[in-house]
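Fold and contact review
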Amino acid sequence: MMESFFKKCEIKVLFENKIVGETMQNNYNISHQSNRVELLETISPNLVIENFKGKNFEFACALAHSLCFRHGNIQMVHSKRFKELGSFELVVYYSNSYSIDKEIKEQIMFYHSQNNFDFEYPNPASIMQSANSYFSKKHPD
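Residues numbered from 1 in each chain as written. Predicted model: local features only at pLDDT ≥ 70, side-chain atom pairs only at ≥ 80, totals over all residues. Heavy atoms only, no water.

With antiparallel pairing, 6 strands are arranged side by side in an open sheet as β1-β2-β3-β4-β6-β5. Where the open sheet ends on each side, the last strands, each with one partner, are β1 (10-20) and β5 (73-82). Neighbour to neighbour, the strand axes of the sheet diverge by 15 degrees on average, direction disregarded. Inspection of the sheet shows strand β3 (residues 35-43) paired to strand β4 (residues 48-54) by 7 bridges, in the antiparallel sense. Residue Ile43 lies in a different strand from β4, and its bridge partner there is Val48. Against the sheet, helix α4 (residues 102-114) touches β5 and β6 (87-95), its axis set at about 20 degrees to β5. Contacts from helix α5 (residues 124-136) reach β2 (23-32), β3, β5 and β6 within the one sheet, and its direction differs from that of β5 by about 70 degrees. (Pairing = 2+ DSSP bridges. Helix = DSSP H or I, 4+ residues; strand = E, 2+ residues; numbered from the N terminus. Axes fitted to C-alpha atoms, helices over the stretch in contact; angles between N-to-C directions. Contact = heavy atoms within 4.5 Å.)

Applying the stated criterion to the full structure yields 5 aromatic pairs. Centre to centre, the rings of Tyr134 and Phe135 are 6.1 Å apart; their planes meet at 75 degrees, and the pair counts as edge-to-face. Note on accessibility: Tyr134 and Phe135 belong to one class, buried. By way of ring pairs, the aromatic residues Phe59, Tyr134 and Phe135 are connected into one cluster. Of note, Lys18 hangs over the ring of Phe15, and the distance from its end group to the ring centre comes to 5.2 Å. (Phe/Tyr/Trp six-rings, centres within 6.5 Å; stacked < 30°, edge-to-face > 60°. Buried < 20%, exposed > 50% of the residue type's maximum accessible area, 1.4 Å probe, protein only. Lys NZ or Arg CZ within 6 Å of the ring centre and 35° of its normal.)

The geometry of helix α2 (residues 57-66) relative to α5 is characterised by a closest axis approach of 7 Å and an angle of 110 degrees between their N-to-C directions. In terms of their interaxial angle, α2 and α5 are classed as roughly perpendicular. Between α2 and α5 lies a crossing of left-handed hand. Between α2, through Phe57, Glu58, Phe59, Cys61, Ala62, Ala64 and His65, and α5, the contact on the second element is made entirely by Ile127, Met128, Ser130, Ala131, Ser133, Tyr134 and Phe135. By residue class, the composition of the contact of α2 with α5 is 10 nonpolar, 3 polar and 1 charged. (Parallel < 35°, antiparallel > 145°, perpendicular 65-115°, else oblique. Left-handed = near helix turned anticlockwise from the far one by under 90°. Nonpolar A, V, L, I, M, F, W, Y, C, P; charged D, E, K, R; others polar.)

Here the focus is the side chain of Gln25. Relative to the helices and strands, Gln25 resides in strand β2. Discounting chain neighbours no more than four positions away, the residues touching Gln25 are Phe15, Glu16, Asn17, Lys18, Val20, Leu40, Glu41 and Thr42.

Turning to the side chain of Ser87, a few remarks are in order. Looking at the secondary structure, you find Ser87 in strand β6. Exposure remark for Ser87: the relative accessible area of 19% places this residue in the buried category.

In structure tokens form, the structure reads like this:
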């Protein structure tokens, strides 16, 4: 179901295959009906990081979950809501071969706190719950 959902989305390429250090980046606008997010994808040898920005958090979660078929298991998530703008940023870390354990997660969170990034760290299972909420609503194709 998730992979077929991703195929129903309209994808506009902003750029692809941009080399940044030892990573490759791709940038897309992805839409499904009136929902749209900007996605910055960073690919390294063991980890893929998807950074979603938009206004419909549940739509981004549906996309994030649907990308597991391409990138592997969700290892970590952090997000921030910008209430004054009615928008959010959702960052999802994926891997099939690499595990972000508690120590690495704490290091990432410490880095964020040292740089005054005010993120929430939802459980990866909550992404699936929000995705299911999006899918449970009527979205005629």
